[in-house]
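What follows is each chain in one-letter form.
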Amino acid sequence: MEIRVERDALVDAVNWVARTLPSRSTHPLQTGILIDVDRDHARPLRLTSSDGESSSQIHIDADINDPAPVLISGALFATIVRALPAAPVVITTTENGAQLVCGRTVFKVPVMNAADYPAVLEMPTSCGTVSGANFAAAVSQVAVAAGKIDAMPALSGVRMEINGPIITFAATDRFRMAMRELAWTPARTIEDTAFLIPAKSLADIARSLTTCEAVHIAFTQEGVATLGFEGDHRRTTTRLMDGDFPKFRSIIPSTTATNVTIDTAGFLETVKRVALVSDRNKPLRLTFSEVEVTVTAGADTDATATDVFECRTRGTGLTIAFNADFLIDGLNAVNAPVVGLGMNEPEKPAVLHGLASHDGEPTGDYRYLIMPVRLN
């Protein structure tokens, strides 16, 4: 292979495919980045990586004299490319390896047998599109609530339900639950369906496609169940998780007796301040009156903190306690100037949602449910 490519385009491409390089693998070839040519694509140079469960591909422009594929150690290639100076890069291969020339900088690296590179998951046919920015925002709001315990793998995933023009994302670790509905444009009539996707993988994918005007969503449940996303000449596929996800809609209270509206940014800063003296065994205590909330943490024998912030309370005032980190995650994820907090009793789940103003309707279709901590 002999190619000439712009340095910045190569760095961007390598960063994209490096996401799915395995940290360790029983198949040495999977640790490589495959560089080959796709003459049917408007951007003919293709880079591919796979960890066996997920794959990433990107197409970029390049001048190509010899289309023979090359397979280079992914970690080494990524490290070298990021360190190259600002100049075009020429990559050539010989029987002894590959050479990268960038200005006066020259690297020679070994290569692996590209012909033996394992087959990657094929991208299914597109089922519809969604805005990249909206997709990334929705996934980030939900993934924060996914579990991180290996013993409960189903709770480490995000459930993705497709019902006509609406995609619903949901995640839970049993102590909090996040749900977000997102409009998309189906390419055809699609039967109601659902998937369970590793939360970390989905969050990485969504974040990397933020700038795409349209992200194509593709899936198949025939053979190996596969879900794929594509935008701006980038595509990624992932196998789906097995396991039963909780019936999350049934745990969201339909009505709440105490409803509070509060400025999100100011309340978040108050909670963060008081949380400096809290830990898992010392939750934040929130006491709501008609016009303010008193936030308290700590015990008399240790450090304590108290702060007061304005709010509007409709219904009965109450005192309720939350894990500080879970409350902070929810306030960060609401992504609205005003947060609404609906509660019934100190030991029943509370629900956060976003508002445009104290008197406005909820913004977006987001709900963050948080279980209180029992007060002694």
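Heads up: the structure comes first, above all this text.
This section reports on the structure supplied with the text. (Residues numbered from 1 in each chain as written. Predicted model: local features only at pLDDT ≥ 70, side-chain atom pairs only at ≥ 80, totals over all residues. Heavy atoms only, no water.)

1. Focus on the overall build of the protein
So the rule is basically this: For the purposes of this entry, the term helix denotes a DSSP run of H or I that reaches at least four residues, the term strand denotes a run of E that reaches at least two, and both are numbered from the N terminus. Type-normalised accessible area, obtained with a 1.4 Å probe on protein chains alone, sets the label of each residue: buried when under 20%, exposed when over 50%, and partly exposed for intermediate values.
A tally of regular secondary structure across the protein gives 6 helices and 28 strands. Expressed as lengths along the three principal axes of its C-alpha atoms, the size of the protein is roughly 75 × 50 × 40 Å. Scored against the burial criterion, the 376 residues of the protein give a buried share of 48%.

2. Here's the deal with empty space enclosed by the protein
Operational definition: Residues are called lining when one of their atoms sits within 4 Å of a cavity or pocket point, these points coming from a 1 Å grid over the protein atoms alone, where a cavity is a set in which a 1.4 Å probe fits but cannot get out and a pocket is an open set with protein on both sides within 12 Å along at least five of seven lines. Grid points are joined across faces, edges and corners, and a volume is the space filled by probe spheres set on the points. Any residue that is not Ala, Val, Leu, Ile, Met, Phe, Trp, Tyr, Cys, Pro, Asp, Glu, Lys or Arg is counted as polar, Gly included; the first ten are nonpolar and the last four charged.
Per the counting criterion, the structure on display carries 1 cavity of 30 Å³ or more. Estimated volume of the largest cavity: approximately 40 Å³. Residue assignment for the lining of the largest cavity shows that the elements contributing at least two residues are β20 (258-263), α6 (324-334) and β26 (338-343). Split by residue class, the lining of the largest cavity holds 9 nonpolar, no polar and no charged.

3. Observations concerning the sheet that holds strand β22 (residues 292-298)
Put simply, the rule reads: Any two strands are treated as partners once DSSP identifies two or more bridges connecting them. Fitted lines through C-alpha atoms give the axes, limited to the stretch in contact for helices. The angle between two N-to-C directions lies from 0 to 180 degrees.
Read from one edge of the open sheet, 4 strands run β23-β22-β21-β25, paired in antiparallel fashion. The open sheet is flanked by β23 (304-310) and β25 (319-322), the only strands paired with a single partner. Strand after strand, the sheet turns through a mean of 20 degrees between neighbouring axes, direction not considered. Pairing between strand β21 (residues 284-288) and β22: 4 bridges, direction antiparallel. Counted as the bridge partner of threonine 287 is threonine 294 from β22.

4. Some points on the layout of surface pockets
Its volume calculated, the largest pocket comes out at about 500 Å³. Looking at the lining of the largest pocket, the elements with two or more residues in it are α4 (199-208) and β19 (234-239). Examining the composition of the lining of the largest pocket, we find that 5 residues originate from one element, α4, more than from any other. Residues belonging to the lining of the largest pocket are distributed by class as follows: 9 nonpolar, 7 polar and 8 charged.

5. Thoughts on unusual backbone geometry
In the Ramachandran plot, histidine 233 falls in the positive-phi region, its phi being about 65 degrees despite a non-glycine side chain. Despite not being glycine, asparagine 335 has its phi angle at roughly 55 degrees, a positive value. Within the secondary structure, asparagine 335 is located in the loop between α6 and β26.

6. Topic: the packing of helix α5 (residues 264-274) against α6
Threshold: Roughly parallel here means an angle under 35 degrees, roughly antiparallel means over 145, roughly perpendicular means 65 to 115, and every remaining angle is called oblique. Should the near helix be turned counterclockwise from the far one by less than a right angle, the crossing is left-handed, whereas a clockwise turn marks it as right-handed. Residues count as neighbours in contact if any of their non-hydrogen atoms are within 4.5 Å of one another.
The interhelical angle for the contact between α5 and α6, taken along N-to-C directions, is 160 degrees, at an axis separation of 10 Å. In terms of axis orientation, α5 runs roughly antiparallel to α6. The way α5 lies across α6 gives a crossing that is left-handed. In this structure, α5 contributes Thr264, Phe267, Leu268, Val271 and Lys272 to the contact, and α6 contributes Leu327, Ile328, Leu331 and Asn332. Counted by class, the contact of α5 with α6 contains 6 nonpolar, 2 polar and 1 charged residues.

7. Describing the sheet that holds strand β9 (residues 105-109)
Backbone hydrogen bonds are what pair the strands of a sheet, in a parallel or an antiparallel way. Taken in spatial order, the 5 strands make up an open sheet running β5-β1-β7-β8-β9, and their pairing is antiparallel. The open sheet terminates on both sides in strands that have one partner only, identified here as β5 (63-66) and β9. Averaged over all pairs of adjacent strands, the angle between strand axes in this sheet comes to 15 degrees, irrespective of strand direction. When strand β8 (residues 97-102) meets β9, the two strands line up antiparallel, connected through 5 bridges. Paired with alanine 98 across the bridge in β9 is valine 109.

8. Here we look at the nonpolar core
For clarity, the threshold we go by: Among buried residues, those of type Ala, Val, Leu, Ile, Met, Phe, Trp, Tyr and Cys that are joined through side-chain atoms within 4.5 Å constitute a nonpolar core.
Counting 102 residues, the largest nonpolar core has Leu47, Phe77, Phe169, Leu284, Leu286 and Phe288 as its most contacted members. The residues contacting phenylalanine 169, other than those within four sequence positions of it, are Phe135, Ala138, Val139, Val142, Val158, Arg159, Met160, Ala178, Met179, Arg180, Leu182 and Leu202. Judged by nonpolar contacts, the second largest core, of 10 residues, contains Met179, Leu196, Met241 and Leu369.

9. Let's talk about the packing of aromatic side chains
Using the following cut-off: Any Phe, Tyr or Trp ring, taking Trp's six-membered ring, that has another such ring centre within 6.5 Å forms a pair; planes under 30 degrees apart are called stacked, those over 60 apart edge-to-face, and the others tilted. The rule for a charge over a ring is simple: NZ of Lys or CZ of Arg within 6 Å of the ring centre, and within 35 degrees of the ring normal.
If you walk through the whole model with that rule in mind, you get 5 aromatic pairs. Following the ring pairs from residue to residue traces out a cluster consisting of Phe135, Phe169 and Phe229. The ring of tryptophan 16 is capped by arginine 19, whose NZ or CZ atom sits 4.2 Å from the centre of that ring.

10. Here we look at α6
The following threshold applies: Polar contacts here mean pairs of N or O atoms no more than 3.5 Å apart (in protein, one a potential hydrogen donor and the other a potential acceptor; neighbouring residues in sequence count only if both atoms are side-chain atoms).
Of all the 11 residues making up α6, 8 are buried; the element is thus mostly covered by neighbouring parts of the structure. Taking the backbone nitrogen of aspartate 325 as reference, a side-chain oxygen 2.9 Å away marks asparagine 323 as the first, capping residue of α6. A positive backbone phi angle near 55 degrees is found at asparagine 335, which sits one or two residues after α6.

11. A short note on the environment of serine 278
Mapped onto the elements of the fold, serine 278 is located in the loop between α5 and β21. For the pair formed by serine 278 and threonine 185, sequence separation is 93 residues and the distance between their alpha carbons is 45 Å.

12. Thoughts on the pattern of salt bridges
To be explicit about the condition: The term salt bridge refers to a pairing of a side-chain nitrogen on Lys or Arg with a carboxyl oxygen on Asp or Glu at a separation within 4 Å.
Enumeration over the complete set of coordinates arrives at 16 salt bridges. A salt bridge links arginine 7 to aspartate 8; the nearest nitrogen and oxygen atoms lie 3.2 Å apart. Of the charged contacts in the structure, one is a salt bridge between arginine 46 and aspartate 36, with a shortest N-O distance of 3.0 Å. Taken as a pair, arginine 46 in strand β3 (residues 45-50) and aspartate 36 in strand β2 (residues 32-37) lie far apart in primary sequence, 10 residues in all. Residues joined in a network through salt bridges with shared partners are Asp36, Asp38 and Arg46.

13. Details of the pairing of strand β7 (residues 89-94)
Across 4 bridges, strand β1 (residues 2-5) lies against β7 in antiparallel orientation. Residue pairing in the sheet places valine 5 in a bridge with valine 89 of β7. Alignment of β7 against β8, held across 6 bridges, turns out to be antiparallel. Bridging from a neighbouring strand, threonine 94 pairs with glycine 97 of β8. Here β7 hands over to β8 after 2 residues, the two strands then running antiparallel side by side.

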